[in-house]
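Letter by letter, the chains look like this.
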Amino acid sequence: GQQVMQIPQYQHVQEGEDFTTYCNSSTTLSNIQWYKQRPGGHPVFLIQLVKSGEVKKQKRLTFQFGEAKKNSSLHITATQTTDVGTYFCAGRNTGFQKLVFGTGTRLLVSP
Amino acid sequence: NAGVTQTPKFQVLKTGQSMTLQCAQDMNHEYMSWYRQDPGMGLRLIHYSVGAGITDQGEVPNGYNVSRSTTEDFPLRLLSAAPSQTSVYFCASSYRGTGLAKNIQYFGAGTRLSVL
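Residues numbered from 1 in each chain as written. Chains lettered and ligands numbered in written order. Predicted model: local features only at pLDDT ≥ 70, side-chain atom pairs only at ≥ 80, totals over all residues. Heavy atoms only, no water.

A.B. asks: Sorry if this is basic, but what is going on with the side chain of serine 73 of chain A here?
C.D. replies: Here serine 73 of chain A lies in strand S8 (residues 71-76). Setting aside residues no more than four positions away along its own chain, serine 73 of chain A makes contact with Thr20, Thr21, Tyr22, Trp34, Thr62, Phe63 and Gln64 of chain A. (Helix = DSSP H or I, 4+ residues; strand = E, 2+ residues; numbered from the N terminus. Contact = heavy atoms within 4.5 Å.)

If you want it as structure tokens, here you go:
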């Protein structure tokens, strides 16, 4: 079955440092989404990428979708304490309907 | 709009007991799903539904049943609870039509379940 893995599983940075999480799927994806979950909360949608090679930016966050549509990345520039949480990617197979989430990357930011 | 509402927020069960986790959405979303979240395991799909009367299995369906008699409700049933089902359960819904809102998952606040 479809598997979506993320690395690293956990990262602890100092405020102001950059952070990147990588998402890899065992199968080609029709699109990929990114979610953020604050401690004790529920996942909240951040962005969706659809096109091969697509790059989108949201302020300090940059999202990329790989050319082969099997991987993606989220990069945060100059992290802030408000960035703390777990970041999940989620993808759908081409032709399938269910959304499968990655294993998540937990980010801790120290002031 | 309330969005996605899950009840109860917390539940403690004894091994072998049964219960139903409730999920309701008021956004007229066609797609609904149940996930469980365990430490270090991310969100694993239990069951999902693409519309009323249609359900399908996800990655970890064993021990759980679902039904979708209306667009709004998607209850998750534990027939005979086991300690391995201790987890946080999230219900989510999304719109399958066209436009920017398509496929965005809206999550409920979660149900924290402990099985002793």
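Continuing now.
A.B. asks: What's the story with the state of the cysteines in this structure? I'm lost.
C.D. replies: Covalent bonding between the sulfur atoms of two cysteines is what defines a disulfide. Here the structure, examined in full by the defined rule, presents two disulfides over all chains. Two residues share a disulfide in this structure: cysteine 23 of chain A and cysteine 89 of chain A, whose sulfurs sit 2.0 Å from each other. Every disulfide takes its handedness from the sign of the S-S torsion; for cysteine 23 of chain A and cysteine 89 of chain A that torsion is 80°, giving right-handed. Here cysteine 23 of chain A is found in strand S3 (residues 19-25), whereas its partner cysteine 89 of chain A is found in strand S9 (residues 85-93), with 66 residues between them in sequence. Pair check on accessibility: cysteine 23 of chain A and cysteine 89 of chain A agree, each one buried. At a sulfur-sulfur separation of 1.9 Å, the disulfide partner of cysteine 23 of chain B is cysteine 91 of chain B. The sign of the -70° torsion about the S-S bond sets the cysteine 23 of chain B-cysteine 91 of chain B disulfide as left-handed. Of the two residues, cysteine 23 of chain B is situated in strand S3 (residues 19-25) and cysteine 91 of chain B in strand S9 (residues 87-94); the sequence distance between them amounts to 68 residues. (Disulfide = S-S within 2.5 Å. Buried < 20%, exposed > 50% of the residue type's maximum accessible area, 1.4 Å probe, protein only.)

A.B. asks: How do you make sense of the interface of chain B and chain A when you look at a structure like this?
C.D. replies: In many reports, interface size means the accessible area that the parts give up when they come together. Residue-level contacts link 23 residues of chain B with 20 residues of chain A. Of the roughly 1600 Å² buried between chain B and chain A on both sides combined, carbon and sulfur atoms contribute 53%. Looking at the side of chain B facing chain A, the largest losses of area belong to Leu43, Asn103 and Phe107 of chain B, adding up to 28% of the total buried there. The tally of links from chain B across to chain A stands at six residue pairs in polar contact (both at pLDDT 80 or more). (Buried area = accessible area lost by both parts, 1.4 Å probe. Polar contact = N/O pair within 3.5 Å; in protein donor to acceptor, adjacent residues only side chain to side chain.)

A.B. asks: Please explain the pairing of strand S4 (residues 31-38) of chain B as it appears in this structure.
C.D. replies: When a strand is regular, its side chains alternate between the sheet's two faces. Residue and element names in this part refer to chain B. Counting buried positions over the eight residues of S4 gives eight, a clear majority of the element. Side chains Tyr31, Ser33, Tyr35 and Gln37 project from S4 onto one buried face, and the interleaved Met32, Trp34, Arg36 and Asp38 project onto a second face that is buried too. The pairing of S4 with strand S5 (residues 42-51) spans seven bridges and is antiparallel. Within the sheet, the bridge partner assigned to arginine 36 lies in S5 and is arginine 44. Taken together, S4 and the strand that follows it, S5, pair antiparallel across an intervening segment of three residues, in which glycine 40 is found at a positive phi of about 75°. (Pairing = 2+ DSSP bridges.)

A.B. asks: Help me out: how do you make sense of the pattern of salt bridges in this one?
C.D. replies: Opposite charge on two side chains allows them to pair when their charged atoms are near. Residue and element names in this part refer to chain B. A full pass over the atoms with the stated rule returns four salt bridges over all chains. A salt bridge links arginine 36 to aspartate 38, with the shortest nitrogen-to-oxygen separation between them at 3.0 Å. Judged by relative accessible area, arginine 36 falls into the buried class, the value being 8%. Of the residues examined, aspartate 38 reaches a relative accessible area of 11% and is grouped as buried. For aspartate 38, the salt bridge goes to arginine 44, with nearest N and O atoms at 2.8 Å. (Salt bridge = Lys/Arg side-chain N within 4 Å of Asp/Glu carboxyl O.)

A.B. asks: Help me understand the side chain of serine 49 of chain B, please; the structure alone is not making it clear to me.
C.D. replies: Residues and elements named next belong to chain B. Among the secondary structure elements, serine 49 is positioned in strand S5. We classify serine 49 as buried; its relative accessible area is 1%. Looking at serine 49, its side chain comes within polar contact range of the main-chain oxygen of isoleucine 54, at 2.5 Å. What serine 49 contacts, discounting residues up to four positions off in sequence, is Glu30, Tyr31, Met32, Ile54, Thr55, Arg68 and Phe74.

A.B. asks: How should the confidence of the model for chain B be read in this particular structure?
C.D. replies: Detailed conclusions should not be drawn from predicted coordinates in areas where pLDDT is low. When pLDDT is averaged along chain B, the result is 93, and 98% of the positions lie at 70 or above. Of all the helices and strands in chain B, S5 of chain B carries the lowest mean pLDDT, 92, while S3 of chain B carries the highest, 98. (pLDDT = per-residue confidence, 0-100.)

A.B. asks: It is not clear to me how the nonpolar core should be interpreted in this structure. Could you clarify?
C.D. replies: Among soluble globular proteins, nonpolar side chains are generally buried collectively. Membership of the largest hydrophobic core comes to 20 residues, with the highest contact counts inside it found for Trp34 and Phe63 of chain A. At the level of elements, S3, strand S4 (29-37), strand S5 (44-49), strand S7 (61-65), S8, S9 and strand S11 (105-110) of chain A are the ones that each hand at least two residues to this core. Membership of the second largest hydrophobic core comes to 18 residues, among which are Met19, Cys23, Ile46 and Ala81 of chain B. (Core = buried A, V, L, I, M, F, W, Y, C linked by side-chain atoms within 4.5 Å.)

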